[in-house]
Amino acid sequence: MSTRARLILLVTAVLVPLVAFAAILLARYSAGEQEQYRADAAELARRISAAVDRELTGLGAALEALATSPALAPGGSLAAFDAQARAVLRTRGTFVAMRDRTGQQIVNTALPPGAPLPVSTDPVILAVDRDVFETGRTVASDLYTGRATGQLLVLVATPVLRDGVPAYSLNIALDPARLAEILAMGSPPEWTIALVDRRDRIIARGRQHERFVGREATPDLRAQATGEGGLWTGATLEGTPVLGAYARSALSGWRVAVGVPSDVVAGPLRRLTLVLLGLAALVLGLSGALAAWFARGIAGPLVQLADAAKRLGQGGPVPPVATGLREANDIGAALAAASTALRDREAALRESEARFQAIADSIDQLIWSTRPDGFHDYYNARWYEYTGVPEGSTDGAAWNDIFHPDDQERAWGAWRRCLATGEPYHIEYRLRHRSGEYRWVIGRALPVRDEAGRIVRWYGTCTDVQALKAAEAALRDLNANLEERVAEATAERDLVWRTSRDLFLICGLDGLYRSLNPAWEEALGFRPAELVGTRFDVLAHPDDVAATRGAFERLVAGESVRDVDIRVRAKSGEYRWYSWTCIPQGSLFHAAGRDITERRQLEAQLRQSQKMEVVGQLTGGVAHDFNNLLTVVTGHLDMARRRLETGPADPRLMRNIGHALEGAQRAATLTHRLLAFSRQSPLQPQAVDLNRVVGGMSDLIRRTLGENIAIETVTAGGLWQAEADLSGVENAILNLCVNARDAMPDGGKLTIETANTHLDGTYAAVARGDVKPGQYAMIAVCDTGGGMPPDIRDRVFEPFFTTKPVGKGTGLGLSQVYGFMRQSGGHAAIYSEIGEGTTVKLYFPRLRGAGAPGADEAGPAEPAMEEGFGETILVVEDEPMVRDFTVAALEDAGYRVLAAGDGPSGLALLDAHPEIALLFTDVVLAGPLNGRRVADEALRRRPDLKVLFTTGYTRNAIVHHGRLDEGVELISKPFTAVSLAEKVARVLERVD
């Protein structure tokens with residue numbers, strides 16, 4: 001008998017009794033396991049049924065508590081009950097509802113408060129209500145679909161008693177998902193647990209609840225689960241065979257069914273089978289031992305051969321094998337020789353791969369390789385550096401994703417064709433660079449074939465040709481458009497040369513003009529032919545000849561000259577400023593000159609304006625102190641004259657006092673003129689007929705404004721003559737017309753109107769600037785433009801303020817008009833509203849003839865001093881002489897006077913003397929408080945106090961933006977005793 005036969009016989013003899021013994025154990029163990037599973041299922045069904053009853057009992061208790069709520073008592077508030085019910089729902093349930101015996105809903109928290117409540121018609125709800133009204137107990141419903149929510153729900157209902165009799169059915173809806181959570185707690189994951197109502201519908205499932213809720217239970221369960229509890233066998237709704245148990249809820253009548261999958265019950269059988277397999281493994285082990293005993297003679301050589309084969313597989317050296325078996329020694333020698341040859345080939349392959357990788361990574365081309373089917377599995381380092389993609393991200397067919405979308409289909413089609421035919425791959429396409437730009441590349445690839453001609457690999461490259469493509473395109477464009485572009489450039493140059501208003505010239509380095517553009521004739525009156533051949537400095541202003549020649553020397557030296565301002569003589573003899581830029585080129589130089597005459601004039605005007613601003617600031621300070629002195633001089637002289645007039649008068653003394661007063665008044669006038677001094681030179685006033693000025697300017701205005709603006713003039717009959725500078729009047733009107741034109745870019749209507757007007761003291765007190773009450777001849781310029789908002793309107797007379805774009809306006813126009821009117825003794829006012837246009841009014845003082853007040857003849861006699869009635873006046877003045885005069889003048893006028901030299905002293909006197917009726921204070925005071933702050937504090941303490949300011953300088957705390965603050969009373973220095981008494985009486989409201 002062979003060794004193999006002996007081994008088979010031995011294994012058979014051992015395995016037969018083991019298999020029989022295992023089968024007996026398996027049968028007994030399987031029966032015991034089934035009984036245990038049934039018992040576990042029954043116990044789990046009872047526990048879950050009890051848990052469901054506890055949940056229902058808790059809901060019932062909550063309902064019973066709600067049923068006894070005072071809100072449900074007669075006269076109670078259903079709104080309060082609704083709020084209590086919603087509070088209960090924060091912890092459990094879906095909604096609370098209450099119905100009467102007819103099914104009419106009284107409360108339903110599923111609906112918004114105040115919504116109409118329907119009559120319940122669902123048979124499940126009606127059955128629950130019937131049980132509640134008949135039994136007077138808490139009951140549970142079967143599964144039903146809620147009308148308001150559309151959900152599958154169950155109800156727990158309890159009666160609401162009135163006089164011991166159920167009057168309403170109060171129920172709380174329970175989401176079956178809550179019961180599904182109870183079923184899932186503590187149950188094995190493989191088991192199926194379902195809660196079935198009395199109509200055999202599934203209320204909840206421990207697993208896949210949403211799938212099976214509301215469905216009818218399986219026929220097996222309906223047929224077997226009819227008692228209070230027991231066992232059942234069948235299949236689940238999924239079709240899984242199960243065995244299990246059920247238990248019925250005493251409170252609801254629902255059944256809890258537990259099903260254990262048959263596969264779970266069969267687990268013991270599998271475990272026994274494993275035991276049997278273990279025994280078989282043991283037998284096999286014994287068999288192996290017997291086989292080892294028989295094969296001991298060849299085991300050693302085989303182990304050595306296996307070790308040699310392992311070394312060969314790992315690439316290590318294989319030593320010769322020396323055993324007692326000749327065949328094993330021959331096999332060992334062959335393995336050793338194969339090992340040596342394999343290691344030699346591997347070394348050569350590594351060296352070849354290293355050379356290939358070094359070459360592939362050192363060149364600019366992108367190198368790639370694919371398998372025979374076209375699967376890309378190799379890219380050199382340059383590929384990843386060029387494309388910026390992560391390593392390995394373009395393996396397979398993903399390389400096509402970084403082609404330009406317009407090239408993908410074409411490139412992929414060409415590659416598939418080459419894979420099918422084996423012909424070389426060559427194509428141009430756009431590849432996405434790491435910068436995100438698509439760049440042109442040339443792709444090439446060749447196949448590598450084996451001895452049989454089969455393709456074993458593809459090797460390819462990509463070469464960036466973007467620069468070449470761009471050069472080709474530029475060359476094509478240049479060749480196609482060169483002649484046209486040359487012609488266009490020449491035409492453009494000639495067009496600029498002919499039409500530009502700047503002066504262009506070409507001059508030789510010998511200093512003679514070669515060519516000049518037509519602008520010379522338009523700007524300076526010289527035809528270009530007249531100047532060709534003349535020297536470069538022939539038209540330069542004598543004062544600029546040195547600068548002109550210095551610039552020419554720099555050009556001869558090869559330097560460019562920029563921004564050289566030189567005055568050039570026109571044919572009329574007038575000189576105009578030009579800013580020159582000159583560039584040398586070979587034996588010539590090209591020059592361009594731009595007329596900057598207006599800019600130079602504006603710069604001069606700006607410097608003059610700045611000078612005038614400094615003068616105004618300086619004179620303001622000087623005028624304040626000077627007016628204080630004039631107040632003392634004129635005041636005391638006036639008082640002396642009045643006292644001399646009461647007795648025998650010395651004519652010579654009265655004449656001397658009169659001359660002194662006249663001199664003081666002239667000094668006061670000079671001071672006021674200094675304060676009103678503007679940015680322009682002194683004027684030459686004369687008698688002006690404004691109607692005649694407007695009529696004479698009509699043609700000029702029409703030409704200036706253009707045809708798209710209608711012009712209307714409305715002149716007043718009997719217009720008074722004005723005293724003003726004629727050229728200044730014309731410039732002011734033209735300036736206003738130009739501004740009006742700019743305000744009507746799409747056309748409109750301009751109205752120029754003249755009228756006689758009278759500005760009273762009220763207007764003068766609140767108007768912008770120093771306005772004297774009196775008679776004026778007025779010119780109004782009105783436009784129909786877009787108007788201005790108040791913040792812009794209030795600033796238009798400010799120097800350098802403009803709403804025009806940069807380069808379109810200097811902001812000096814309206815400020816010059818305003819300054820001119822101030823210097824002329826007149827007034828300028830602006831009225832504007834958004835969408836209503838703008839009106840600017842110029843008020844010129846009326847020119848009075850001889851015999852009128854202010855002419856050569858004497859005016860009316862000075863009015864008598866207005867006397868007071870003993871009112872108490874507080875005078876606050878830091879200049880002692882002015883203070884003494886003011887006190888004396890007011891006392892002479894019949895007032896009781898208190899005086900202080902600073903603000904704090906004046907406020908102390910005000911607190912100590914409640915009888916003070918008027919505060920008379922200088923605006924500019926020494927010390928911590930100026931007159932404005934003294935007045936504010938005094939009015940805070942005494943709201944009914946009258947306040948009169950005095951000042952010799954208009955730029956102070958009570959005048960803002962040229963306007964006197966509202967409600968402020970002011971008398972300017974110097975003042976006389978009569979004017980002071982008159983002003984004080986008017987402020988005290990005793991004089992109209």
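Under an unreviewed UniProt entry, the chain has the name histidine kinase and belongs to Salinarimonas soli. Check the Catalytic activity (unreviewed entry) section of the UniProt entry for the chain; it says "ATP + protein L-histidine = ADP + protein N-phospho-L-histidine."

Q: Help me understand the overall build of the chain, please; the structure alone is not making it clear to me.
A: When its secondary structure is counted, the chain shows 26 helices and 35 strands. For the chain, with 992 residues in total, the buried portion stands at 40%. If you take every contact in the chain between residues at least 6 apart in sequence, the share linking residues at least 24 apart comes to 57%. Only carbon and sulfur atoms are counted for the fraction: they give 55% of the accessible area of the chain, which is about 52,300 Å².

Q: What should I look at first to understand the environment of N691 in this one?
A: Its location among the elements puts N691 in helix α18 (residues 690-705). The sequence separation of N691 and W720 amounts to 29 residues, and the corresponding C-alpha distance is 9.6 Å. In this structure N691 touches T715, A716, L719 and T754, once residues within four positions along its chain are discounted. In terms of polar contacts, N691 uses its side chain to reach the side chain of T754, at 2.7 Å.

Q: Can you walk me through the sheet that holds strand β25 (residues 748-759) in this structure?
A: Through backbone hydrogen bonds, the strands of a sheet pair up, either in parallel or in antiparallel fashion. Read from one edge to the other, the open sheet built from 5 strands follows the order β23-β25-β26-β28-β27, with strand pairing classed as mixed. At either end of the open sheet lies a strand with only one pairing partner, and these are β23 (709-714) and β27 (827-833). Neighbour-to-neighbour, the strand axes of the sheet open up by a mean angle of 20°, direction not taken into account. The pairing of β25 with strand β26 (residues 774-783) spans 10 bridges and is antiparallel. If you follow L750 over to β26, its bridge partner there is D783. Running over the sheet, α18 touches β23, β25, β26 and β28 (837-845) and is turned about 160° from β25.

Q: When you look at the packing of α18 against helix α19 (residues 726-743) in this model, what are you seeing that I'm missing?
A: Think of two packed helices as two axes; the pair is described by the angle between the axes and how far apart they sit. One way to put it is that α18 packs onto α19 with a least axis distance of 10 Å and a crossing angle of 40°. Classified by the angle their axes make, α18 and α19 are oblique. Between α18 and α19 the crossing geometry is right-handed. Only L726, V729, E730, I733, L734, C737, V738 and R741 of α19 make contact with α18, whose side of the interface consists of L690, V693, V694, M697, L700, I701, T704 and L705. Taken together, the residues of the contact of α18 with α19 sort by class into 13 nonpolar, 1 polar and 2 charged.

Q: How do you make sense of the nonpolar core when you look at a structure like this?
A: A general feature of soluble globular proteins is that nonpolar side chains tend to end up buried together. Core analysis: the biggest nonpolar cluster contains 50 residues, and V52, L170, I172, L179, L195 and W254 have the highest contact counts within it. Looking at this core, the element that brings in the most residues is helix α1 (residues 3-67), giving 14 residues. Beyond its immediate stretch of four places on either side in the chain, V52 contacts L179, I182, L195 and W254. Membership of the second largest hydrophobic core comes to 38 residues, among which are V693, V781, L814 and Y818.

Q: How do you make sense of a nonpolar patch on the surface when you look at a structure like this?
A: A surface patch of nonpolar side chains, about 300 Å² in accessible area, is lined by F356, V448, V456 and Y459. Assessed through its relative accessible area of 35%, V448 is described here as partly exposed.

Q: Please explain the sheet that holds strand β13 (residues 376-379) as it appears in this structure.
A: A sheet is described by the order of its strands in space; here 5 strands give the open sequence β13-β12-β16-β15-β14, paired in antiparallel fashion. Single-partner strands in this sheet number two, and they are β13 and β14 (425-432). Taken pair by pair, the neighbouring strands of this sheet meet at an average axis angle of 25°, ignoring direction. Its contacts with the sheet put helix α9 (residues 326-362) on β12 (366-370), β13 and β16 (455-464), and the angle it makes with β13 is roughly 75°. Each of β12, β13, β14, β15 (438-449) and β16 touches helix α11 (residues 405-421); the most contacted strand, β14, lies at about 150° to it.

Q: Help me understand unusual backbone geometry, please; the structure alone is not making it clear to me.
A: Leave glycine aside and you will find that most residues have negative phi; peptide bonds, for their part, are mostly trans. Phi at D163 takes a positive value of approximately 60°, unusual for a residue other than glycine. Within the element layout of this structure, D163 appears in the loop between β5 (152-162) and β6 (165-174). With a phi angle near 55°, D563 is a residue other than glycine that sits in the positive phi range. You can call D563 exposed: its relative accessible area is 61%.

Q: Which parts of the structure should I look at to understand the packing of helix α23 (residues 880-892) against helix α26 (residues 977-987)?
A: Taken N-terminus to C-terminus, the directions of α23 and α26 make an angle of 65°; their axes are 9 Å apart at the nearest point. When the interaxial angle is binned, α23 and α26 end up roughly perpendicular. Judged by the twist between their axes, the crossing of α23 over α26 is right-handed. The residues of α26 that touch α23, namely those facing F885, T886, A889 and L890, are A977, L980 and V984. By residue class, the composition of the contact of α23 with α26 is 6 nonpolar, 1 polar and no charged.

Q: Just to check I follow, could you spell out the confidence of the model for the chain for this structure?
A: Note that predicted coordinates carrying low pLDDT should not be read in detail. On average, residues of the chain score 81 in pLDDT, and 83% of them reach the 70 mark or higher. Looking over the chain, one finds the lowest element-wise mean pLDDT in strand β34 (residues 963-964), namely 46, and the highest in strand β29 (residues 872-876), namely 95. Within the model, pLDDT remains below 50 along residues 673-682, and this stretch shows 24 contacts once partners closer than five positions in the same chain are excluded. The low-confidence segment residues 850-862 (pLDDT under 50) makes 9 contacts with residues lying over four places distant or belonging to another chain.

Q: Mind showing me how you'd approach the pairing of strand β30 (residues 896-900) here?
A: Inspection of the sheet shows β29 paired to β30 by 5 bridges, in the parallel sense. Note that in β30 the partner of V876 across the bridge is A900. Note that the unit made of β29, α23 and β30 has a crossover that is right-handed.

Q: Would you mind going over helix α3 (residues 123-135) with me for this structure?
A: Because an α-helix packs 3.6 residues into every turn, residues spaced three or four apart end up facing the same way. An ideal rise of 1.5 Å per residue puts 18 Å on 13 residues; α3 measures up with 18 Å between its terminal C-alpha atoms. In the core, the buried residues of α3 are packed alongside β1 (96-99), β3 (139-140), β4 (144-145), β5 and β6. One side-chain oxygen of the residue at the start of α3 lies 2.9 Å from the amide nitrogen of V124, identifying that residue as D122. Just downstream of α3 lies G136, where phi reads positive at about 70°.

Q: Which parts of the structure should I look at to understand the pairing of β13?
A: Across a regular strand the side chains alternate sides, sitting on one face of the sheet and then on the other. Two elements, β12 and β13, share 3 bridges in a ladder whose sense is antiparallel. Residue pairing in the sheet places W368 in a bridge with Y379 of β13.

Q: Just to check I follow, could you spell out the pattern of salt bridges for this structure?
A: Note on pairing: side chains with opposite charge can pair once their charged atoms come close. Considering all chains together, one arrives at 40 salt bridges under this definition. A salt bridge links D407 to R410, with the shortest nitrogen-to-oxygen separation between them at 3.4 Å. Residue D407 and its partner R410 are both found in helix α11; the two are separated by 3 residues, about one turn of the helix. We classify D407 as buried; its relative accessible area is 3%. Here R410 falls in the partly exposed class, since its relative accessible area comes to 39%. Across the salt bridge formed by D450 and R454, the nearest N and O atoms sit 3.2 Å from each other. The exposure class assigned to R454 is exposed, which follows from its relative accessible area of 54%.

Q: Explain the packing of aromatic side chains here, please?
A: Each aromatic ring pair is specified by the distance between its two centres and by the angle formed by the two planes. For the structure on display, the rule yields 20 aromatic pairs. Between Y379 and W383, the ring centres sit 4.6 Å apart and the planes meet at 25°, which makes this aromatic pair stacked. This pair shows no difference in class: Y379 is buried, exactly as W383 is. Among the aromatic side chains, those forming a connected cluster through ring pairs are W368, W399, F403, W412, W415, Y425, Y429 and W458. Its end group placed over the ring of W577, R600 keeps NZ or CZ at 3.8 Å from the ring centre.

Q: Could you clarify how one ought to interpret the side chain of D53 in this entry?
A: Along the chain, D53 turns up in helix α1. No salt bridge is formed by the buried D53; the nearest opposite charge belongs to R54, separated by 8.3 Å. Among all residues touching D53, those that are not within four sequence positions of it are S249, A250 and L251.

Q: I'm lost on α11 in this one. Help?
A: Between its first and last C-alpha atoms α11 spans 25 Å; for 17 residues at 1.5 Å apiece the expected length is 24 Å, and the two agree. D407, A411, A414, W415 and C418 are the residues of α11 that are buried. For α11, the angular spread of buried residues about the axis comes to 100°, placing them on one side. Across from the buried face of α11, at angles greater than 90 degrees, the exposed residues are P405, E409 and A420. Elements that come into contact with the buried residues of α11 comprise β12, β13, β14, β15 and β16. Positive phi appears at G422, one or two residues downstream of α11, with a value of about 80°.

Rules used throughout
- Residues numbered from 1 in each chain as written.
- Predicted model: local features only at pLDDT ≥ 70, side-chain atom pairs only at ≥ 80, totals over all residues.
- Heavy atoms only, no water.
- UniProt positions renumbered as here; feature names shortened; annotations may be inferred.
- Helix = DSSP H or I, 4+ residues; strand = E, 2+ residues; numbered from the N terminus.
- Buried < 20%, exposed > 50% of the residue type's maximum accessible area, 1.4 Å probe, protein only.
- Contact = heavy atoms within 4.5 Å.
- Areas by Shrake-Rupley, 256 points an atom, 1.4 Å probe, with all protein chains shown as cover.
- Polar contact = N/O pair within 3.5 Å; in protein donor to acceptor, adjacent residues only side chain to side chain.
- Pairing = 2+ DSSP bridges.
- Axes fitted to C-alpha atoms, helices over the stretch in contact; angles between N-to-C directions.
- Parallel < 35°, antiparallel > 145°, perpendicular 65-115°, else oblique.
- Left-handed = near helix turned anticlockwise from the far one by under 90°.
- Nonpolar A, V, L, I, M, F, W, Y, C, P; charged D, E, K, R; others polar.
- Core = buried A, V, L, I, M, F, W, Y, C linked by side-chain atoms within 4.5 Å.
- Patch = residues over 30% accessible without salt bridge, like charges linked within 9 Å, V, L, I, M, F, W, Y side chains within 5 Å.
- Salt bridge = Lys/Arg side-chain N within 4 Å of Asp/Glu carboxyl O.
- pLDDT = per-residue confidence, 0-100.
- Right-handed = clockwise from strand over helix to strand, strands pointing away.
- Expected span 1.5 Å × (residues − 1).
- Phe/Tyr/Trp six-rings, centres within 6.5 Å; stacked < 30°, edge-to-face > 60°.
- Lys NZ or Arg CZ within 6 Å of the ring centre and 35° of its normal.
- Lys, Arg positive; Asp, Glu negative; His and termini not counted.
- Arc of directions from axis to C-beta.

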